[in-house]
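# An overview of the molecular structure
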Amino acid sequence: LVANFNGRCHMNLLNVMLFSICNQLVKNPKTMSMVQDLMKKGAVEELKKCFSSRMEFGTAGLRAAMGPGISCMNDLTIIQTTQGFCQYLEKSFGNLKERGVVIGYDARAHPPSGGSSKRFASLASAVFVSRGVPVHLFSDITPTPFVVYWENGAQIVSPHDKGISKAIEENLEPWPESWNTEEALKSSLLKDPYQDINTQYFKAIQKHCHHREINKSSEVKIVHTSVHGVGHAFVQSAFKAFDLHPPYAVEEQKDPDPEFPTVKYPNPEEGEGVLTLSFALAEKEGATVVLANDPDADRLAMAEKQESGQWRVFTGNELGALLGWWVFHCWKQQNSDAGAVKNLYMLSSTVSSKILRAIALKEGFHFEETLTGFKWMGNRARDLLDQGKTVLFAFEEAIGYMCSPSVLDKDGVSAAAIAGEMISYLATTNTSLSQKLAGIFEEYGYHISKNSYFICHDQDVIRSLFERLRNYSGKKDSYPVECGRFSISAVRDLTTGYDSNQPDNKAILPTSSSSQMITFTFSNGGVATMRTSGTEPKIKYYTELCTAPGNSDVTSLKKELDELVDAIVENFFEPQKNKLQPKPE
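Residues numbered from 1 in each chain as written. Predicted model: local features only at pLDDT ≥ 70, side-chain atom pairs only at ≥ 80, totals over all residues. Heavy atoms only, no water.

The protein chain goes by Phosphoglucomutase 2 in an unreviewed UniProt entry, where it is assigned to Sphaeramia orbicularis. UniProt lists a comment for the protein chain under the heading Sequence similarities (unreviewed entry), and it reads "Belongs to the phosphohexose mutase family." (UniProt positions renumbered as here; feature names shortened; annotations may be inferred.)

So this is what it looks like as structure tokens:
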């Protein structure tokens, strides 16, 4: 190994590599083979990427590519992570051996390294079983919404992430039985919750089916794609639970395939490129609506054929407006008590559209914003439910929707069925989704959004860009008061905790100095948030122009928003000076 490195590698990196490789040498020959190939090629930079820094465990868990080394997902890093997590749970719950853990997996895999979601689930099970902890291991692929997170059913938030991360660092040496998946899978501690959870889930979401007779008789044709992920069978079952006619499935994409052969990116958020086969099937079958899930079926995208023959892919904010309107409409039909609305809540993330706020103001229910991500919305929903409140709906602009409190997270399966019922209901009055969306905006005020990002790999440039905004006039804490011709009325900085809208200038939402996030409110009704991504080398921006009901000149509103975005890009991002790469088309 040393000879192959030709002395070009730091000793501490080599030690880390040796430790990692020795632990996997006999256990996973495919991972070893990948490392040997890289060493033969003298691919020092690639080896450094794999071995120089460990994946960081955050509130969203671990995110990394499958492959060799401590910066990737592989047998060893899964075992190390699970050992740390297991120890943290043992300290947190005295009755862990009675309660147990739930483990699910999807269809993703990386044949060159021998890694797969199923393999990792088996290794994680072996770790827990070796400590006498019962494991409820799903026997087949399953959507993320079927697997709950912390004991409250929501994703973890701080300080659990820090505690788990520390425990991982303290348990890097594999325990004797951690590799023994064969024995673990035979253990009496292992139970399969698949059938039980399936039954319970589809029973629970039926509480949100309000128009069964309309669903049964509906002639609306809908196409569904799971984009080579796990969603196909579950969405078919969800439609059946609502007595909706089964959606036409895109044959080439309905079965799980970790290679995602028909798409460049298997993310329906990318829009039309992912939906090409769906549109072709819709044209063939005479369908007017397409629904799409991401690979683990926790997100939902929707498109509708327009009178022009073109397809309109709704943004996450637009679908959030439609679903938010729909769940409130259904609730209102079922509740005659005028005072009951005071017990209702809807939530969205702070970078998502403010349309729910506008609906809440007019209809009398409560609306709350949280930080970005469903971990915040799920935990807030849990708090409200524990106080006896009703949480009707939550969403984020990244096509994530929580239409049922049965799952305190985004759920693309229940959202698909609920969207299917909404489509069928609107069809009874010959109303298209686009027409309904325009009606929502007419009633509650237009909310037009434009989101994108720049790519930047230089952390110093990112820091400098945001620090310039905090010291805009050359003085500390002097934020800009205008951007081009647009006047700024308020600034909120969730990195430093500053909020000019609050009497004490202190932000109400939680702050984090480890990530950059500034929101500007403009006098013309515009809102713009600039933030860094926690998982990618991106500086994202989210902009929206909100108007009062009655202002329906959409063309001039879009022009105003385009000009506002141009001003933000030119004055705040300074892409040429900072060498920022725009989002690829």
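Once that is clear, we can look at the UniProt feature "domain: Alpha-D-phosphohexomutase alpha/beta/alpha" (unreviewed entry) in the protein chain. Under the UniProt annotation, the feature "domain: Alpha-D-phosphohexomutase alpha/beta/alpha" (unreviewed entry) is placed at residues 55-149, 200-305 and 316-444. With 31% helix and 16% strand, residues 200-305 has its two end C-alpha atoms placed 35 Å apart. Helix makes up 53% of residues 316-444 and strand makes up 16%, while its end C-alpha atoms are separated by 18 Å. (Helix = DSSP H or I, 4+ residues; strand = E, 2+ residues; numbered from the N terminus.)

Where helix 14 (residues 316-334) meets helix 18 (residues 433-444), the axes come as close as 10 Å, and the angle between the chain directions of the two elements is 80°. Of the possible angle classes, the one that applies to helix 14 and helix 18 is roughly perpendicular. Counted together, Glu318, Ala321, Leu322 and Trp325 of helix 14 and Leu433, Lys436, Leu437 and Ile440 of helix 18 form the full contact between these two elements. Among the residues making up the contact of helix 14 with helix 18, the classes are represented as six nonpolar, no polar and two charged. (Axes fitted to C-alpha atoms, helices over the stretch in contact; angles between N-to-C directions. Parallel < 35°, antiparallel > 145°, perpendicular 65-115°, else oblique. Contact = heavy atoms within 4.5 Å. Nonpolar A, V, L, I, M, F, W, Y, C, P; charged D, E, K, R; others polar.)

Let us look at the sheet that holds strand 1 (residues 101-103). Spatial ordering of the open sheet is given by 1-4-5, a layout of three strands whose pairing is parallel. The two strands at the open ends of the sheet, each matched to only one other strand, are strand 1 and strand 5 (190-191). Alignment of strand 4 (residues 135-137) against strand 5, held across two bridges, turns out to be parallel. By the bridge assignment, His136 is partnered in strand 5 with Lys191. (Pairing = 2+ DSSP bridges.)

Moving on to empty space enclosed by the protein. Enumeration over the complete set of coordinates arrives at four cavities of 30 Å³ or more. What the largest cavity holds in volume is close to 80 Å³. If you trace the largest cavity, you find 13 residues lining it, with Val351, Ser352, Tyr542, Thr543 and Glu544 closest to the centre. No other element matches strand 21 (residues 538-546), which puts three residues into the lining of the largest cavity. Here the residues of the lining of the largest cavity sort into three nonpolar, eight polar and two charged. When residues are assigned to domains, the lining of the largest cavity turns out to be shared by domain 2 (206-444) and domain 3 (446-582), each giving three or more. (1 Å grid on protein atoms, 1.4 Å probe; cavity = no way out; pocket = protein on both sides within 12 Å on 5 of 7 lines; lining within 4 Å. Points joined across faces, edges and corners; volume = space filled by probe spheres on them. Domains from an automatic or database assignment.)

What the rule picks out here adds up to 23 aromatic pairs. Measuring from ring centre to ring centre gives 5.9 Å for Tyr472 and Phe572, while their planes differ by 80°; the resulting arrangement is edge-to-face. Here the residue Tyr472 occupies a position in the loop between helix 19 (459-470) and strand 16 (482-483), and Phe572 occupies one in helix 20 (residues 554-573), the gap between them amounting to 100 residues. Residue Phe572 is classed as buried on the basis of its relative accessible area, which comes to 1%. Three or more aromatic residues joined by ring pairs make a cluster, and in this case those are Phe146, Tyr201, Phe202 and Phe234. Across from the ring centre of Tyr444, 5.6 Å away, lies the NZ or CZ of Lys362, which sits over that ring. We note Lys538 situated over the ring of Tyr453; from NZ or CZ to the ring centre the distance is 4.0 Å. (Phe/Tyr/Trp six-rings, centres within 6.5 Å; stacked < 30°, edge-to-face > 60°. Buried < 20%, exposed > 50% of the residue type's maximum accessible area, 1.4 Å probe, protein only. Lys NZ or Arg CZ within 6 Å of the ring centre and 35° of its normal.)

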